[in-house]
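Below, each chain spelled out in residue letters.
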Amino acid sequence: MRRGTAEQVAEVARRSFLRSIRQPATVVPAMIFPLFLLAVNTAGLDATTAIPGFPTDSYLSFALAVPFIQGAIFALLNSGTDLATDIETGFLNRLALTPLGGAALLAGTLGGSMALGLVQAAGFIAVGFAVGAEFDAGLGGIGVLVVLSLWISFAFGCVGTFFALRVGTGEAMQSLFPIFFVFLFFSSMALPRDLIEQDWFRTIATINPISYLIEGIRSLFIIGWDGEALALAFGIAAVIATAFLSAAAVSLRTRLVRT
């Protein structure tokens, strides 16, 4: 990568990250809300560990994967809203008058999103260990967990970038919040897929890619090293990233018009 491009990426990433952390109203919920839901779900669903075939006797360890996905969704919405606001205010049009390349803009925006994702992952891991969650993958699994979490944050960042470029306003971007969370709730977040009794729900959870992202992270907590679950999580995140990054690059061509 040429130095000029690298500097452009670093500057955009720095702006994106600093812009996020300077807005506590968007960053704090991305950390607190997933942990609040974790506490509520753990308290209300702890008895499900008595179901025959449930993979662990600690519902906390089972559910701890969910905050990583919720945090990625919040990061998706925050970074997407920031980019959409740049479009709405005309800042992106002004960037078109500079030497900044489209690839550098995308890479920098996603870099800022991943930096926020790293902060979230570190926070969730620290809280999990502090409250006594199991982590069967051992010390080496922590690195894999961080890498997988960042990879998912990158994939979701690609989704947010694409939608931001399509809708072009912060308000429209925020209105997508319920849609993203529907995917989360219709997944295996609360129960293993093989223990979901309703056929229609189990079918939706099986075809829902979010289920496999959750299960990949979850496997490190309650199984240890599950090659299939990890491969599916990394692979599905790669498919999501490739599809939406390609779509975002196409959409950017119509937004970042040189004059």
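Scroll up to find the structure.
Asks: Explain the overall build of the protein chain here, please?
Replies: Counting secondary structure elements, the protein chain contains twelve helices and zero strands. Long-range pairs, those at least 24 residues apart, make up 80% of the contacts in the protein chain with a sequence separation of at least 6. Of the accessible surface of the protein chain, which amounts to about 11,800 Å², a share of 68% is contributed by carbon and sulfur atoms.

Asks: Whenever I open this one, the nonpolar core confuses me. Can you help?
Replies: Side chains of nonpolar character tend, in soluble globular proteins, to be buried together. If you look at the biggest cluster of nonpolar residues, it comprises 63 residues, and the most contacted ones within it are Ile69, Ile152, Phe156, Leu184, Leu213 and Ile217. Sorting the residues of this core by element identifies helix H2 (24–45), helix H3 (59–63), helix H4 (65–89), helix H6 (102–130), helix H7 (138–167), helix H9 (177–185), helix H11 (209–222) and helix H12 (227–255) as the ones contributing at least two each. Top contributing element to this core by residue count: H4, with twelve residues. Those residues in contact with phenylalanine 156, other than ones at most four positions away along the chain, are Ile69, Ala72, Ile73, Leu76, Ile210 and Leu213.

Asks: Is there a simple way to explain H4 in this structure?
Replies: Taking 1.5 Å of rise per residue, 25 residues should cover 36 Å, and H4 covers 37 Å from first to last C-alpha, within 8% of that figure. Of the residues trailing H4, glycine 90 is marked for its positive phi of about 90°.

Asks: Just checking my understanding: could you explain the pattern of salt bridges for this structure?
Replies: Pairs may arise between side chains of opposite charge once their charged atoms sit close together. According to the stated counting rule, one finds two salt bridges in the structure shown. Two residues, glutamate 215 and arginine 193, come together in a salt bridge whose shortest N-O distance is 2.8 Å. Here glutamate 215, found in helix H11, pairs with arginine 193, found in the loop between H9 and helix H10 (199–207); they are 22 residues apart in sequence, far enough to count as distant. In this structure, arginine 202 engages aspartate 199 in a salt bridge whose closest nitrogen and oxygen atoms are separated by 2.4 Å. Of this pair, arginine 202 and aspartate 199 both sit in helix H10, three residues apart, roughly one helical turn. What makes arginine 202 partly exposed here is its relative accessible area of 28%.

Asks: Would you mind going over a nonpolar patch on the surface with me for this structure?
Replies: Nonpolar side chains collect at one region of the surface, where Val28, Ile32, Phe33, Phe36 and Val40 lie side by side and expose about 440 Å² of accessible area between them. One can find valine 28 in helix H2.

Asks: Looking at this model, I keep getting lost on the side chain of threonine 42. Mind explaining?
Replies: With respect to the element layout, threonine 42 can be found in helix H2. Under the relative-accessibility criterion, threonine 42 is labelled buried at 16%.

Cut-off values and rules
- Residues numbered from 1 in each chain as written.
- Predicted model: local features only at pLDDT ≥ 70, side-chain atom pairs only at ≥ 80, totals over all residues.
- Heavy atoms only, no water.
- Helix = DSSP H or I, 4+ residues; strand = E, 2+ residues; numbered from the N terminus.
- Contact = heavy atoms within 4.5 Å.
- Areas by Shrake-Rupley, 256 points an atom, 1.4 Å probe, with all protein chains shown as cover.
- Core = buried A, V, L, I, M, F, W, Y, C linked by side-chain atoms within 4.5 Å.
- Buried < 20%, exposed > 50% of the residue type's maximum accessible area, 1.4 Å probe, protein only.
- Expected span 1.5 Å × (residues − 1).
- Salt bridge = Lys/Arg side-chain N within 4 Å of Asp/Glu carboxyl O.
- Patch = residues over 30% accessible without salt bridge, like charges linked within 9 Å, V, L, I, M, F, W, Y side chains within 5 Å.

By themselves, these observations are geometric and do not establish any function.
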